[in-house]
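What the coordinates show
Listed below are the residues making up each chain.
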Amino acid sequence: MHIKIALLSLTLLACCQSALAFEVGEFKSGMTRNQLKTTLKSWNFENNVEAGDTLMAYDSSDNPAGRRYVFIFCNDKLVEFDQEMAPSFNNFVTVTGNFNTQYGSPLKVVALHNVVSAGEKNTLAIYWRKMNDVTGVRYILQPNSEQLTTTYQVSNNCWEAPR
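Observations regarding the sheet that holds strand β7 (residues 108-116)
Pairing is antiparallel in the open sheet, where eight strands are placed in the order β3-β4-β5-β6-β10-β9-β8-β7. Each edge of the sheet is formed by a strand with only one pairing partner; in this case those strands are β3 (47-51) and β7. On average, adjacent strands in this sheet sit at an angle of 15 degrees to one another, irrespective of strand direction. With nine bridges joining them, β7 and strand β8 (residues 119-130) adopt antiparallel strand pairing. Note on β8: the bridge partner recorded for Val 115 is Glu 120. Lying over the sheet, helix α3 (residues 89-103) contacts β6 (77-85), β8, β9 (133-142) and β10 (145-154), oriented at roughly 165 degrees with respect to β9.

Digging into the confidence of the model for the chain
For the chain, mean pLDDT is 85; residues scoring 70 or higher make up 88% of the total. Overall, residues 1-20 carries pLDDT values under 50, and its contacts beyond four positions in sequence, including any with other chains, amount to three contacts.

Regarding the pairing of β8
The hairpin formed by β7 and β8 contains two residues between the paired strands. For β8 and β9, the ladder comprises nine bridges, and the chain directions are antiparallel. The residue bridging Asn 122 from the neighbouring strand is Leu 141, located in β9.

Thoughts on the side chain of Thr 135
On the secondary structure map, Thr 135 appears in strand β9. Residue classification places Thr 135 among the buried residues on the basis of a relative accessible area of 6%. Sequence-distant contacts of Thr 135, defined by excluding residues within four places in its chain, comprise Phe 99, Tyr 103, Ile 126, Tyr 127, Trp 128, Thr 151 and Tyr 152.

Re helix α2 (residues 33-41)
Every buried residue of α2 is accounted for by Arg 33, Leu 36, Thr 39 and Leu 40. For α2, the arc enclosing every buried residue in end-on projection is 125 degrees, short of the 170-degree limit, so these residues lie on one face. In α2, the exposed positions that point more than 90 degrees away from the buried face belong to Asn 34, Thr 38 and Lys 41. Looking at the buried side of α2, the elements it contacts are β2 (27-28), β3, β4 (54-58) and β5 (68-74).

The rules behind each value
Residues numbered from 1 in each chain as written. Predicted model: local features only at pLDDT ≥ 70, side-chain atom pairs only at ≥ 80, totals over all residues. Heavy atoms only, no water. Pairing = 2+ DSSP bridges. Helix = DSSP H or I, 4+ residues; strand = E, 2+ residues; numbered from the N terminus. Axes fitted to C-alpha atoms, helices over the stretch in contact; angles between N-to-C directions. Contact = heavy atoms within 4.5 Å. pLDDT = per-residue confidence, 0-100. Buried < 20%, exposed > 50% of the residue type's maximum accessible area, 1.4 Å probe, protein only. Arc of directions from axis to C-beta.

This is how it looks when you write it as structure tokens:
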């Protein structure tokens, strides 16, 4: 009897853990690199670049869609998905407000100031945790450019989330 209860508990725990994993569009944590590549074919990105544990899919800079997605793998499983969006402080505040409403108080706030070859680089990143998932927004301001990225990460054994 105790063995049946223990097995049922483990099964429910496994189901709950997989149900909590991120899913953004057709991209789901735990996908293999090959599954992701197959899914990406229907998205018609102009460029795909693979390096180590990272796969980046993006459009050229003159494409009005301007999509840029970064997928990071751990042991051939998708553990992080970053999606760039139109960079503006207004969009950063909107995304932050939406995530705050959805996830509550942030887990971590990172404010960095660095000097890079082009000048100063300022970064503000805010992360929220929901069970094993980490959702975040990152705004980077450099002398000649801005970048706004949302990130979705799951706990894994390659690095500590959030990173």
